[in-house]
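Commentary on secondary and tertiary structure
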Amino acid sequence: MSAYTIRYVDRAAARKAALPDSQRTSLEGLEKLLALNPFGPQALSNRDNSWSAGFQGGFVTYVVSNRHVVINVIDLVAL
């Protein structure tokens, strides 16, 4: 199975860019897990077409396109 490509929408990309190093490192670890299986144990269904997964001090909300093997991050929240 191919790994998924992860793309960030503008707002989520800006929030990712503003993360401190420790949160960015945690997010990068989550991205590696999601790229292999966006529906794995780290993922929570939002009961619509979106999923959420947490990293140290935040979470991402995303939708998955199996047709294009892409994860589109539609929001990132740092807590």
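Look up: the structure comes first, before these words.
Source: prediction; values computed, not measured.

With four bridges connecting them, strand β1 (residues 5-8) and strand β5 (residues 70-78) associate as parallel partners. Counted as the bridge partner of Ile6 is Ile71 from β5. By the bridge criterion, eight bridges tie strand β4 (residues 58-65) to β5 in an arrangement that is antiparallel. Of the residues in β5, the one forming a bridge with Ser65 is Val70. A loop of four residues connects β4 with β5, the two strands running antiparallel in sequence, and Val69 in this loop sits at a positive phi of about 55°.

Looking now at the nonpolar core. With 16 residues, the main nonpolar core has Leu27, Leu30, Leu34, Phe55, Val60, Tyr62 and Leu76 as its most contacted residues. The set of elements that each furnish at least two residues to this core consists of α2 (21-36), β3 (50-55), β4 and β5. Ignoring any residue separated from it by four or fewer positions in sequence, one finds Leu27 in contact with Tyr8, Lys16, Leu19, Phe55, Val60 and Leu76.

Another aspect to go through is the environment of Arg11. Secondary-structure assignment places Arg11 in helix α1 (residues 10-17). Exposure remark for Arg11: the relative accessible area of 49% places this residue in the partly exposed category. With residues up to four places along the chain from it excluded, the contact list for Arg11 reads Ile74 and Asp75. Of note is the side chain of Arg11, whose polar atom sits 3.4 Å from the side chain of Asp75.

As a further point, take unusual backbone geometry. With phi around 65°, Arg47 is a residue other than glycine that occupies positive phi space. By the element assignment, Arg47 lies in the loop between β2 (43-45) and β3. Relative accessible area serves as the criterion here: at 81%, Arg47 is assigned to the exposed category. Positive phi is not limited to glycine here, since Val69 has a value of about 55°. Here Val69 lies in the loop between β4 and β5.

Once that is clear, we can look at the pattern of salt bridges. Here the structure, examined in full by the defined rule, presents three salt bridges. Note that Asp75 and Arg15 form a salt bridge whose closest N and O atoms lie 2.7 Å from each other. Taken together, the residues Asp75 in strand β5 and Arg15 in helix α1 connect sequence positions 60 residues apart. Looking at Asp75, the relative accessible area reads 18%, which means it is buried. Classification of Arg15 by relative accessible area gives partly exposed; the value is 32%.

Definitions and limits used
- Residues numbered from 1 in each chain as written.
- Predicted model: local features only at pLDDT ≥ 70, side-chain atom pairs only at ≥ 80, totals over all residues.
- Heavy atoms only, no water.
- Pairing = 2+ DSSP bridges.
- Helix = DSSP H or I, 4+ residues; strand = E, 2+ residues; numbered from the N terminus.
- Core = buried A, V, L, I, M, F, W, Y, C linked by side-chain atoms within 4.5 Å.
- Buried < 20%, exposed > 50% of the residue type's maximum accessible area, 1.4 Å probe, protein only.
- Contact = heavy atoms within 4.5 Å.
- Polar contact = N/O pair within 3.5 Å; in protein donor to acceptor, adjacent residues only side chain to side chain.
- Salt bridge = Lys/Arg side-chain N within 4 Å of Asp/Glu carboxyl O.

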